Each structure stands twice: as structure tokens, then as C-alpha cells.
Amino acid sequence: MKLKTLILAAGKGTRMKSELPKVIHKVNGVPMISKIISVLNGLEPEENILILGHKKEEVLKVVGEEADYVVQTEQLGTGHAVIQAKEKLADYDGDVMVLCGDTPLLREETLRDLYNFHKESGAATTILTSIYENPFGYGRIVKEDGLVKAIVEEKEATPEIKKIKEVNAGVYCFNSRELFNALAKINNNNEKGEYYLTDVIGIQVGEGKKVQSFVLEDNMEILGVNSKVELAQASEVLRGRKNLELMENGAILIDPKATYVEESVKVGKDTVIYPGAVLQGDTVIGKNCEILGTTRIIDSVLGNNIRIESSVIEESQIDDYVTMGPFAHLRPKTHLKEKVHIGNFVEVKKSTLEKGVKAGHLTYLGDAQVGEDTNIGAGTITCNYDGKNKFKTVIGKNSFIGSDSMLVAPVNIGENSLVGAGSVITKDVPENSLAVSRSKQIIKNDWRK
Ligand code: UD1
Ligand code: CA
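Notes on the structure in this doc start here. (Residues numbered from 1 in each chain as written. Chains lettered and ligands numbered in written order. Predicted model: local features only at pLDDT ≥ 70, side-chain atom pairs only at ≥ 80, totals over all residues. Heavy atoms only, no water.)

## Considerations on the overall build of the protein
We count it as follows: Every helix listed is a DSSP run of H or I at least four residues long, and every strand listed is a run of E at least two residues long, numbered separately from the N terminus. Every radius of gyration here is taken over C-alpha atoms, with the globule rule written as 2.2 Å times N^0.38, N being the number of residues. The buried label goes to any residue with under 20% of its type's maximum accessible area, the exposed label to any with over 50%, and the partly exposed label to all in between, with areas taken from a 1.4 Å probe on protein chains only. Any two residues having at least one pair of non-hydrogen atoms within 4.5 Å are treated as being in contact. Surface accessibility in these figures is a Shrake-Rupley result with a 1.4 Å probe; residues are shielded only by whichever protein chains are displayed.
If you tally the helices and strands in the protein, you get 8 helices and 39 strands. For the protein, the C-alpha radius of gyration of 30 Å lies well beyond 22 Å, the compact-globule estimate for 449 residues. Taken over the C-alpha atoms alone, the protein extends approximately 105 × 50 × 40 Å along its principal axes. Per-residue burial for the protein yields a buried fraction of 51% across its 449 residues. In the protein, of all internal contacts separated by at least 6 residues, the share reaching a separation of at least 24 is 41%. Surface exposure of the protein reaches about 21500 Å², of which carbon and sulfur atoms provide 49%.

## Some thoughts on the pairing of strand E8 (residues 140–144)
Defined as follows: Each pair of strands is called paired provided DSSP finds at least two bridges between the two strands.
Taken together, the 5 bridges between E8 and strand E9 (residues 147–152) define a ladder with antiparallel strand orientation. From the neighbouring strand, Val142 faces E9, where its bridge partner is Ala150.

## Looking at the nonpolar core
Inside soluble globular proteins, nonpolar side chains tend to come together where they are buried. This is how it is decided: Take the buried residues of types Ala, Val, Leu, Ile, Met, Phe, Trp, Tyr and Cys, join any two whose side-chain atoms come within 4.5 Å, and each joined set is a nonpolar core.
If you look at the biggest cluster of nonpolar residues, it comprises 43 residues, and the most contacted ones within it are Leu279, Ile318, Met324, Leu336, Ile342 and Leu353. Mapped by element, the contributors of at least two residues to this core are strand E27 (341–349), strand E29 (358–366), strand E30 (368–370) and strand E36 (411–413). The greatest single-element share of this core, amounting to 3 residues, is contributed by E27. Excluding anything up to four places from it in sequence, Ile342 contacts Thr323, Met324, Gly325, Ala328, Leu336, Val348, Leu353 and Ala359.

## Observations regarding the sheet that holds strand E17 (residues 284–285)
The 9 strands are arranged E14-E17-E20-E23-E26-E28-E30-E33-E36 in an open sheet whose pairing can be described as parallel. Two strands bound the open sheet, and with one partner strand each, they are strand E14 (266–267) and E36. When strand E26 (residues 335–336) meets strand E28 (residues 352–353), the two strands line up parallel, connected through 2 bridges. Bridging from a neighbouring strand, Leu336 pairs with Leu353 of E28.

## Quick look at the site of ligand 1
Stated precisely, the cut-off is as follows: What makes a residue near a molecule or strand is one non-hydrogen atom of that residue sitting within 4 Å of it. Whenever a nitrogen or oxygen atom comes within 3.5 Å of another N or O atom, the pair is scored as a polar contact, on the condition that within protein one atom can donate a hydrogen and the other can accept it, and that pairs from neighbouring residues in sequence are kept only if both atoms are in side chains. Every definition here rests on a 1 Å grid over the protein atoms only: cavities are sets of points where a 1.4 Å probe fits but cannot get out, pockets are open sets enclosed by protein on both sides within 12 Å along at least five of seven lines, and lining residues have some atom within 4 Å of a point. Whether a molecule sits in a cavity or pocket is decided by its atoms, more than half of which must lie within 2 Å of the grid points. Here the nonpolar group is Ala, Val, Leu, Ile, Met, Phe, Trp, Tyr, Cys and Pro; Asp, Glu, Lys and Arg are the charged ones; every other residue, Gly included, is treated as polar.
Taken together, 23 residues form the shell around ligand 1, and within it Gln72, Gly77, Thr78, Glu153 and Asn168 come nearest. A distance of 2.9 Å is found between an oxygen atom of ligand 1 and a backbone nitrogen or oxygen belonging to Gly11. Measuring from an oxygen atom of ligand 1, one finds a side-chain N or O atom of Glu153 at 2.7 Å. Considered on its own, ligand 1 offers 760 Å² of accessible surface; in the complex 92% of this is hidden by protein. With respect to the detected pockets, ligand 1 is housed in the largest pocket. Put simply, the parts of the chain that give the shell around ligand 1 at least two residues each are strand E1 (3–9), helix H3 (78–83) and strand E10 (166–175). When grouped by side-chain class, the residues that make up the shell around ligand 1 number 9 nonpolar, 10 polar and 4 charged.

## What about the packing of aromatic side chains?
Which entries qualify depends on this criterion: Pairing of aromatic side chains requires ring centres within 6.5 Å, counting the rings of Phe and Tyr and the six-membered ring of Trp. Pairs whose planes differ by under 30 degrees are stacked, by over 60 edge-to-face, and all others tilted. Here, a charge over a ring is recorded when the distance from Lys NZ or Arg CZ to the ring centre is within 6 Å and its angle to the ring normal is within 35 degrees.
Inspection of the entire model under this criterion finds 4 aromatic pairs. Between Phe117 and Phe214 the ring centres are 5.2 Å apart and the planes differ by 45°, which places this aromatic pair in the tilted class. A residue pair is termed long-range when its members are at least 10 positions apart, and Phe117 in helix H4 (residues 108–121) and Phe214 in strand E11 (residues 211–216) qualify at 97 residues. Directly above the aromatic system of Tyr92 lies the positively charged group of Lys4, at a separation of 4.6 Å from the ring centroid. Lying over the aromatic face of Tyr385, Lys390 brings its terminal NZ or CZ to 5.1 Å of the ring centre.

## A word on the state of the cysteines
The following threshold applies: Pairs of cysteine sulfur atoms within 2.5 Å are identified as disulfides in what follows.
For the structure shown, the criterion picks out 0 disulfides. Here Cys100 is not cross-linked by a disulfide; its sulfur's nearest cysteine counterpart is in Cys173, at 13 Å.

## Here we look at the environment of Ser130
Assignment of secondary structure puts Ser130 in strand E7 (residues 125–131). When its relative accessible area of 0% is taken as the criterion, Ser130 is described as buried. Linking Ser130 and Gly303, residues 173 residues apart in sequence, is a C-alpha distance of 44 Å. Not counting residues up to four positions away in its chain, the partners in contact with Ser130 are Lys165, Glu166, Val167, Val215, Leu216, Glu217, Asp218, Asn219 and Ile222. A distance of 2.6 Å separates a polar side-chain atom of Ser130 from the backbone oxygen of Leu216.

## Focus on empty space enclosed by the protein
Rules: Grid points are joined across faces, edges and corners, and a volume is the space filled by probe spheres set on the points.
Within this structure, the stated rule accounts for 1 cavity of 30 Å³ or more. Roughly 30 Å³ of internal volume is contained in the largest cavity. Split by residue class, the lining of the largest cavity holds 7 nonpolar, 1 polar and no charged.

## Quick word on the pairing of E27
Sheet topology note: the strand E24 (residues 323–324)/E27 ladder contains 2 bridges and is parallel. Opposite Met324, over in E27, you have Ile342 as the bridge partner. For strand E25 (residues 329–330) and E27, the ladder comprises 2 bridges, and the chain directions are parallel. Residue His329 lies in a different strand from E27, and its bridge partner there is Glu347. Note: E27 against E29, 7 bridges, orientation parallel. Bridge assignment links Lys349 to a residue of E29, and that residue is Gly366.

The following block contains the structure:
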């Protein structure tokens, strides 16, 4: 396939009312520009060339410094943006697909169909279009005998042209040479004082070239994101697609409209997701799990048959048959092995809990290693921080840490030992022993009298 792509992403995005460049705003967790690049990569073009300008460093941070790009120093319009790629494409005489960086709902199949239609028809240029009942803001497609005559922008449209419902999606297939020949003839004599890419169409038609449109039935797919309202609409569409994909692959979503699953998340068969779940980043969830309440899981890997209720899980690993929550929090680098139970108001950070460990209530475990089947009593805290450094707590298997114990790290507690409730443990505890550290109880009889 002799195809290169040009992605326009230099604009300020004034209507977004944002400090960020528009194209790095996220739709369902993915920056718009990354979404478009990944869709285009599906077509295997020779290269994707970005046109960057406004805050280009921030865009490059998102797409990677190695991205191919040209710079549009001043944003003088979409036509002016494309002209910046002229030198880069000087030796190229193939097809070029031009797209805007703010149309993140386009699908790979659509772009492939558009390109194939373009190739088969032999037209000079093909424009992706769709029909909008309310076409306000989009360029209108003026046609005669089924062929495109011109694209007229909202600002220049006469009342007659404003009635046209076929709109420009901002995606075009051109021949590279012919595109730059026509661009040499555009001007900025219009309401916005900009060089419009869309003026290329009228010029080509004037030269007797055939320009056609490829009309897309699903008009939502061409949505251009110009404002925060449209950003939310685009995210909603992508979420809908993602949720559909999950259900088609066997997951159970109780209320898809209230389930927030980002693009890259994977969910196994028969896992039930209740409303309010937010699943983000590179999260993988196995089979037969139950995710209840307002649970947020980010960049984590969960096995099978796990039950989580109203909890937050960050960059952690959870093995089969774990139960967790409500109101528990796993912070990065935590590993809960099989059948661990983490209950109400328990926070675990950078710790490994071996098989069968239980920490049911009100506990903080940080930088800890807890052996198999050990029970951590309510209110236990690993005091892992002395104000400067972090230290480890190691607890052996089959031990029992009494409620409200402070384990002052670094400290080792041997296997099969018992720590009395309310103890402050500052020295290592040998295996099979009892450690108690608290003041003796005093009774003063009849004291209240
Ligand atoms: C554009 C089209 C319009 C179409 C709509 C589809 C033109 C003149 N109009 O309008 O016909 O219906 O897209 O969504 O092309 N950009 C630059 N440099 C610039 C100006 C813009 O790189 O100097 C980039 C922007 O970053 C953006 C894209 O081009 O990603 C489109 O610009 P935008 O201002 O959003 O164009 P629309 O008014 O939406
Ligand atoms: Ca736009």
C-alpha cells in the first residue's frame, strides 16, 4: 500500500478552553491523537506525519519524541498546516490521507473502506462525509450530479448552503502531488482570514478533476471534538463500544451505562461488573470475578474468582479467590496471593501477603511480607517510616497479630508466634513465641465511689 498520512494537530483548540493542546485530551482514557495514530497504524501506511505547532512539546510527550512530524509555527488554517509538509513529501507521488487530530471516533474499517473506495473509483480526491440533521459548524458538501463541487465552511455559507446536511468529516484521500499543486493556489480571503484546506476541493474541481464523497452512515463516527461537551460525547461513544466488546467476549455488565472501562482493559468470561466500576490502564481481570460498588482498578492484574467491593487498587497483583473490601486500598507493588482476605478500611502498600492471610479491619501494611495463613488483627499498623527512610516488616506463617498492634520496622516476627493485642513491637519476635508489650492493667476496687 503506497499510502502516507498527515494528521493535523497544530491548532490551539480555543473552543476547548484549556491549558492543554486539544489533541492530547483523553477520550475514554486515551489521548485523541494516540487513538487516531493507533487506528491509522491498522492501515499500515508507510508513515504517519503529524503537523504540530501549539504546545508541540506536550504533544510529543504523548506520542513519543520519535514520531514523524513537521512544525506549523503560526496557525494560519488547515490548508496552511498541510503546506508545511510539502518539503517532507517532495519526492513522494503516492496517496496521502489527511485527517484532523480531533476526530477520535473514526474506525479502522471506515478508513480502509474509504481508501479502497478511493482507489477503485480512480477519483482525484475522495472526502469522507456524513449526514447531520443539525450540521452547524461543519463544512458543507456542495454536490452536482453526485460529485462534489466544493466544500463551504459554516462562516462563508449562504442560507441556502447552510441547509445542506452532508458535512465534511475532515478526512480526505488525495494524490500527494496534486494536493500540493492545488494548495499553492489557495488564499485567506475569507471570514476567518485562514488558509482553508477545504478550498483545495473547489480548485481541483475547477481544473476538471473528479472529486467524490464517501458517505458514512454512522454520523457519530465523524464527530469532531472542539469543546469539552464534545469531548464527553466522544468518550461516551468509545465507552459504549468498549462495553459492547467486553459483553461480546463474555463479561457481564449489570449497567453498561454506568460502567467505565478504558480501552486497554481486559475482562474474563462471566466476571460480573456492577455499576460504578472504573477500570483503567493496563488492567487485566480474570474469569468469574465480581467487581462491586465504586471500585477503581488501575494498571493491575487480577486472577479468577475474586470478589472486590468498593475499593481502590493501583499497580498491584491479586491472585485467585481473594476477597477484598468494602473500602480497602491497594497501593503500588502489592501482591495478594490466593485466598487472601482484605477487609474494611485496610491499606496495603508494596507488600506481599502469602496465601490465606487475613487482615479484616482497619489496618495499614506497608513494606511488609506476611507469611501463609497469618491473621492480622484489627487496627494493626506496620510503622514503616521513621520520617526519613522506609523499613521492612517480615511476619512468618501461621502467626497471629493481636488487634491494635504497632509493628515498628525494621522488625521480624517468626512463624507461629503470637503478638498480644495493643503491643508496640520494636524487637524481633522468635518463632512459636508470645510477645506482649503493654502496660499492666491496674484495678482499683470501688474507685468510683
Ligand atoms: C474542519 C474543516 C471542516 C470540517 C471539520 C470536521 C477546514 C477549514 N474545516 O473544521 O470543513 O467539517 O474540520 O471536523 O478544514 N489545525 C492545524 N493548524 C491550523 C488550524 C487547525 O493543525 O492552523 C488542526 C487542528 O489542530 C485540528 C484540525 O486541524 O486538529 C481541525 O481544525 P479545527 O479548527 O478543529 O477545524 P474545524 O473548524 O473543526
Ligand atoms: Ca474540529
